[in-house]
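Each chain, letter by letter, is given below.
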Amino acid sequence: MWVFSASGCRWLGMGGSLAVAAGGWAAGTLPVRGGWGLWEPRGSALATAGNLLAYLGLALLVAAWWRYGVLLARGGRPGVRATLACWTAPLLLAPPLHSADVYSYIAQGAMVIEGHDVYGGGPALLGPDELGADAAASVGGHWTDTPAPYGPAFLVLARLVTALTGGAIVPAVLGMRLLAVGALLLIVWAVRGLAEGRGGRDGAVWLAALNPLVLIHVVGGMHNDGLMAGLMLAGVLLAVRGRWVLGAVLVGLAMMVKSPAAVALLFIGVIVARGAGGVRGLLKGLVLPGLVASAVAAAATVAAGTGFGWLRTQSVAGTIHTALSASSDLGLGLGLLFGDDPEPVKGAVQKLGLLLAALVVLELARRSWRGRLDPVLGLGLALVALVALSPMVQPWYLLWGTTAVAAAAWHSRAGQFLAVLSAALVWETAPSGHTPWYGFAAAGAVLAAGLLWMRRDPWPVTTPATSGAGTSGAGTLGAATSGAGTSGAGTLGAATSGAAASGAGTSDAGTSGASAPGTEPKGRGAEPAGR
């Protein structure tokens, strides 16, 4: 049938994107005030209709994306970048979708302009007559009083957008969306460069950028995770091409958006160490990229004038319980079971989760250094492990590692599993930014269907076009993910921690040739999602 062709999928997905955007005008994350009569609540009946339309559009978008992936897996070469443009365009003028975080970004930019300490308090510090007051009024839930967990590089961009738009909601949101689209283009460029020699470039873009989780949460929701991922991957690409100093600079800037990008420094160090060889090369890789990125972070902090308060606010998001965090859920359950106050037990389990994540990251880096694992794939799996074991997990956090895995091994079992997880997690939040129970139910149903599909129609180990470095190893790594995922329906931590751990413990067979080119062998259901 025509609808199952590449052309049919392109138009089907575009129709889905249009429906998501149109539904968002009635049911999106609309501002409390300052919507200029464009983004305003229009009554419960129209909001319900908009919600249904947006969910229908999301179903079409996911179905079209999945069919596209099947065509690519079977050796087809549909125009993925043209399709990305078609699917992105309808979202450009939509109100914020599936999250209120963009209002925090605008308010924090205004706080810098007004002289408030963004690392000492939240948007509630803005007075009613100050710049950004409308945005502050629209910040959701706990985040009103939460200090910024973002680095000064991002706050400079938020300040610039807020200053240029006078803090007016509609133009400021559209300005932040321009940044999000720029981040998307950077991801496409970096992923295509990294995928060269490792597998199909179109397939890598399909998983890393055409992914509905990216379209909904980076373009629609304008989360700065897209900018972090774009800068991080661009830095890794430069390191792979031998320009590791500039690569470390970009990763340093990515850290000054969100700190998890620092994991990439370890794998850039691996690339440097393998290129130089010997003990001297190892020391060079362990020390120099970190020194460069630290210098960039310090310079960005001084230049921004926001101070070094970001060093103490990196854990503030972890104080908010999100149901997708396996360590938080487990800790809370054990705390309620064995005591009256669950917080001490919960905190201890969260710390153990982070310790386990650190051990997995180090093991993946060691295997990459020994030549048993492609460093780019190792980075992707390390970030997936970090997300799975973090004390706070949001659906779009999966993109940190998925973009890197896509670049190295989109057609592997690991890539197939992350595609299934992406298709599931995109349902977890509603267009309004809340996390209703039926979002978790839909995510669980899609995850179960996807895991069943993986068992019945597993992707082959190598890509149809090429068996580039890293793909065979990824197939071995990913083989264990389907089993890991079956025990975690609807929960990111339970579904992916096993996948990452299996990557750390995979056999050497099939991965010894994997190397970088040019080197030697949230919260409760009634509350908005955020951060």
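Treat the numbers as computed from the prediction; the structure is a model and nothing was measured. (Residues numbered from 1 in each chain as written. Predicted model: local features only at pLDDT ≥ 70, side-chain atom pairs only at ≥ 80, totals over all residues. Heavy atoms only, no water.)

Notes on the overall build of the protein chain
At step 1: When you go through the protein chain residue by residue, the secondary structure sums to 22 helices and 0 strands.
At step 2: Within the protein chain, buried positions represent 61% of all 531 residues.
At step 3: Split by element, the accessible area of the protein chain, about 18400 Å² in all, is 67% carbon and sulfur. (Helix = DSSP H or I, 4+ residues; strand = E, 2+ residues; numbered from the N terminus. Buried < 20%, exposed > 50% of the residue type's maximum accessible area, 1.4 Å probe, protein only. Areas by Shrake-Rupley, 256 points an atom, 1.4 Å probe, with all protein chains shown as cover.)

Some words on the pattern of salt bridges
At step 1: The tally for this structure, following the rule as stated, stands at 5 salt bridges.
At step 2: As a salt-bridge pair, Asp225 and Lys258 come within 3.0 Å of each other at their nearest N and O atoms. Here the residue Asp225 occupies a position in helix 10 (residues 225-240), and Lys258 occupies one in the loop between helix 11 (244-255) and helix 12 (263-276), the gap between them amounting to 33 residues. Comparing Asp225 with Lys258, the two get one shared label, buried.
At step 3: In this structure, Glu363 engages Arg367 in a salt bridge whose closest nitrogen and oxygen atoms are separated by 2.9 Å. With Glu363 and Arg367 both in helix 15 (residues 343-369), this residue pair falls 4 residues apart, about one helical turn.
At step 4: Taking the relative accessible area as the measure of exposure, Glu363 reaches 21% and is therefore partly exposed.
At step 5: Arg367 gets classed as buried once you look at its relative accessible area, which sits at 12%.
At step 6: Via salt bridges that share partners, Glu363, Arg366 and Arg367 belong to a single interconnected network. (Salt bridge = Lys/Arg side-chain N within 4 Å of Asp/Glu carboxyl O.)

Here we look at unusual backbone geometry
At step 1: Positive phi outside glycine occurs at His98, with the angle close to 65°.
At step 2: Considering the arrangement of structural elements, one finds His98 in the loop between helix 3 (80-88) and helix 4 (101-114).
At step 3: Exposure remark for His98: the relative accessible area of 3% places this residue in the buried category.
At step 4: Within the chain, Met222 stands out as a residue other than glycine whose phi angle is a positive 60°.
At step 5: Tracing the backbone shows Met222 in the loop between helix 9 (212-220) and helix 10.

Points about a positive patch on the surface
At step 1: Taken together, the side chains of Arg81, Arg201, Arg241 and Arg243 make up a positively charged region of the molecular surface.
At step 2: You can see Arg81 is positioned in helix 3.
At step 3: Arg81 gets classed as partly exposed once you look at its relative accessible area, which sits at 47%. (Patch = residues over 30% accessible without salt bridge, like charges linked within 9 Å, V, L, I, M, F, W, Y side chains within 5 Å. Lys, Arg positive; Asp, Glu negative; His and termini not counted. Charge placed at Lys NZ, Arg CZ, Asp CG, Glu CD.)

Focus on the packing of aromatic side chains
At step 1: Evaluation of the coordinates by the stated rule reveals 15 aromatic pairs.
At step 2: Centroid distance Tyr150 to Phe154: 5.6 Å. Interplanar angle 70°. Geometry classified as edge-to-face. Residues Tyr150 and Phe154 agree in their burial class; the two are buried.
At step 3: Here a set of aromatic residues connected by ring pairs shows up, and it is made of Trp65, Trp66, Trp206, Trp410 and Trp453. (Phe/Tyr/Trp six-rings, centres within 6.5 Å; stacked < 30°, edge-to-face > 60°.)

Re the nonpolar core
At step 1: Formed by 156 residues in total, the largest nonpolar core has its most connected members in Trp65 and Trp206.
At step 2: Contact partners of Trp65, with chain neighbours within four places excluded, come to Trp87, Trp206, Leu207, Leu210, Asn211, Pro212, Ala419, Ser422 and Ala423. (Core = buried A, V, L, I, M, F, W, Y, C linked by side-chain atoms within 4.5 Å. Contact = heavy atoms within 4.5 Å.)

Observations regarding a nonpolar patch on the surface
At step 1: There is a patch of nonpolar side chains on the surface, built from Trp25, Trp36, Leu38, Leu92 and Leu93 and spanning about 520 Å² of accessible area.
At step 2: Positionally, Leu93 belongs in the loop between helix 3 and helix 4.

Considerations on the packing of helix 11 against helix 13 (residues 278-304)
At step 1: Put simply, helix 11 and helix 13 touch, their axes get as near as 8 Å, and they point 50° apart. Classified by the angle their axes make, helix 11 and helix 13 are oblique. Seen from above, helix 11 lies across helix 13 with right-handed handedness. Contacts between helix 11 and helix 13 involve Trp244, Val245, Ala248, Val249, Gly252, Leu253 and Met255 from the first element and Lys284, Leu288, Pro289, Val292, Ala293 and Val296 from the second.
At step 2: For the contact of helix 11 with helix 13, a count of residues per class yields 11 nonpolar, 1 polar and 1 charged. (Axes fitted to C-alpha atoms, helices over the stretch in contact; angles between N-to-C directions. Parallel < 35°, antiparallel > 145°, perpendicular 65-115°, else oblique. Left-handed = near helix turned anticlockwise from the far one by under 90°. Nonpolar A, V, L, I, M, F, W, Y, C, P; charged D, E, K, R; others polar.)

What to know about the environment of Glu428
At step 1: Tracing the chain through its elements places Glu428 in the loop between helix 18 (413-425) and helix 19 (437-456).
At step 2: On the accessibility criterion, Glu428 (2% relative accessible area) is buried.
At step 3: For the pair Glu428 and Gln394, spaced 34 residues apart in sequence, the C-alpha to C-alpha distance is 9.2 Å.
At step 4: Those residues within four positions of Glu428 in sequence are excluded, and the remaining contacts are Leu324, Pro395, His434, Thr435, Pro436, Gly439 and Phe440.

Regarding helix 1 (residues 6-27)
At step 1: Between the first and last C-alpha of helix 1 there are 30 Å, a value that for 22 residues agrees with the 32 Å anticipated at 1.5 Å per step.
At step 2: Residues of helix 1 that are buried: Gly8, Cys9, Gly13, Gly16, Ser17, Ala19, Val20, Ala21, Gly23, Gly24, Ala26 and Ala27.
At step 3: Against the buried residues of helix 1 lie helix 2 (44-73), helix 3 and helix 9. (Expected span 1.5 Å × (residues − 1).)

Comments concerning helix 16 (residues 375-388)
Along an α-helix, residues three or four positions apart point the same way, because every turn accommodates 3.6 residues.
At step 1: Under the 1.5 Å per step criterion, the end-to-end length of helix 16 is 20 Å for 14 residues, consistent within 8% with the ideal 20 Å.
At step 2: Of all 14 residues in helix 16, 14 are buried, a share of seventy percent or more.
At step 3: Between a side-chain oxygen at the N-terminus of helix 16 and the backbone nitrogen of Val376 the separation is 2.9 Å; the capping residue is Asp374. (Polar contact = N/O pair within 3.5 Å; in protein donor to acceptor, adjacent residues only side chain to side chain.)

Section: the packing of helix 8 (residues 201-208) against helix 17 (residues 398-409)
At step 1: Running from N to C, helix 8 and helix 17 point in directions that differ by 170°, and their axes come no closer than 8 Å. The angle between helix 8 and helix 17 falls in the class roughly antiparallel. Two secondary-structure elements touch here, helix 8 through Ala204, Leu207 and Ala208 and helix 17 through Thr402, Thr403, Ala406 and Ala407.

Some remarks on the environment of Leu179
At step 1: By the secondary structure assignment, Leu179 is in helix 7 (residues 169-195).
At step 2: A relative accessible area of 28% means that Leu179 is categorised as partly exposed.
At step 3: Non-local contacts of Leu179, meaning those with residues more than four positions away in its chain, are made with Leu157 and Val161.

A short note on the confidence of the model for the protein chain
Where the model shows low pLDDT, its predicted coordinates should not be examined in detail.
At step 1: In this model, the protein chain carries an average pLDDT of 85, and 85% of its residues clear a pLDDT of 70 or more.
At step 2: Per-residue pLDDT stays below 50 along residues 463-527; that stretch engages in 173 contacts with residues further than four places along the chain or on separate chains. (pLDDT = per-residue confidence, 0-100.)

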